[in-house]
Amino acid sequence: MLELILVALAGLAAQLVDGGIGMGFGVTSTTILLLAGLGPAQASAVVHTAELGTTVVSGMSHWRFGNVDWRVVLTLGLPGGIAACVAATVLSRISMEAAAPVTSAILVAVGCNLVWRFSRGRVRRDHTARAHSTPFLVALGSLGGFVDASGGGGWGPVTTSTLMAVGREEPRRIVGTVNTAEFLVSFGATAGFVVGLWDDIVTHFSWVVALLVGGAIAAPIAAWLISRINPVLLGGLVGTAIVVLNIDRVAGGVEQLADVDISAGWLTAAKLLVGAIGVAATVRGALRARRARAAGVDAENEHEPAAQDPDPAPQSAN
């Protein structure tokens, strides 16, 4: 019973982070299950089955607070679900850890770009930019779904970070939309795992329920918080989280290529340093944006008029 309570608390914490910055549930929950002794495929199967419930609650909560773009949900989520189903079927039979360092290195670069951009107080590059093209969203959703199912997490880091880097929408809308689309990805991944790992899912179904309960409790809280967080702070924290969460995998790739041993102490120090720099840069950007709004100028160019602030988040979907 104590073990299930701890799993439920882990699900609550993971969903609070995931619903707030658009990533973290899969990676956090999978890591905990791996430490508990499950294999990579089994852990990913349990997490994605639980996400069938948590993503429904999260999506409804974000919709309630006006954080969802339904066109993007479908265009991003449907191909993501198909790709996740394929990856889950493959993962049931082989390991795909070799590609993890490369993927993490790319995500670190994207995360650094986000921290740099939001440190300047920038929310969107172009408030009048056209919507994302369908081919772009289909390709992004497919990549995110495949990475998510094959690695036990990755939908948020791939899709949230990319959409924020492009900068055509407010961070809260990106996070809410990505969280809502994740239901389709979880459905596809679960369908794939059911084919190859049905017995494992049944055996660990109590863990599925524990993760689901914890995540369902946290989802409405996260959706409410994100509607009230400064968008510059949110974007910068997302970038910082992406970098910190991927340092371990990048270091693992360096160790393999250079045949060196990087101690856990150095990795911990690197994470703390990167986290501190990211938070400091983000706070700087938020303060810069606030001063710019007060002065009526653009945060990046003090001689240009400030772009009109987006409408505040609606309190209801009606």
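Provided above is the structure to which this section pertains.
As the structure is a computational prediction, the values presented were derived from the model and not from experiment. (Residues numbered from 1 in each chain as written. Predicted model: local features only at pLDDT ≥ 70, side-chain atom pairs only at ≥ 80, totals over all residues. Heavy atoms only, no water.)

Draft legend 1. Spatial organisation of the pattern of salt bridges. By the definition in use, this model includes three salt bridges. The salt bridge partner of Glu169 is Arg173, with a shortest N-O separation of 3.9 Å. The class for Glu169 is partly exposed, based on a relative accessible area of 22%. Among the salt bridges present, the one from Glu170 reaches Arg172, with a minimum N-O distance of 3.6 Å. Judged by relative accessible area, Glu170 falls into the buried class, the value being 11%. (Salt bridge = Lys/Arg side-chain N within 4 Å of Asp/Glu carboxyl O. Buried < 20%, exposed > 50% of the residue type's maximum accessible area, 1.4 Å probe, protein only.)

Draft legend 2. Inspection of helix H11 (residues 264–295) at higher detail. Taking 1.5 Å of rise per residue, 32 residues should cover 46 Å, and H11 covers 46 Å from first to last C-alpha, within 8% of that figure. Regarding H11, the residues found buried are Leu267, Gly275, Gly278, Ala281, Thr282, Gly285, Ala286, Ala289 and Ala292. (Helix = DSSP H or I, 4+ residues; strand = E, 2+ residues; numbered from the N terminus. Expected span 1.5 Å × (residues − 1).)

Draft legend 3. Fine view of helix H9 (residues 205–226). Across its 22 residues, H9 extends 31 Å between first and last C-alpha, which sits within 8% of the 32 Å expected from 1.5 Å per residue. Roughly 30° is the biggest bend found in H9, and it falls at Ala219, with proline Pro220 one to four residues downstream. Of the positions making up H9, those classed as buried are Trp207, Val208, Ala210, Leu211, Gly214, Gly215, Ala218, Ala219, Ala222, Ala223 and Ile226. (Bend = angle between axes of the 7 residues up to and from the residue.)

Draft legend 4. The environment of Val244, seen in detail. Position of Val244 relative to the elements: it lies in helix H10 (residues 231–258). Judged by relative accessible area, which is 23%, Val244 ranks as partly exposed. Put simply, Val244 and Ala270 are 26 residues apart on the chain and 8.5 Å apart in space, counted from C-alpha to C-alpha.

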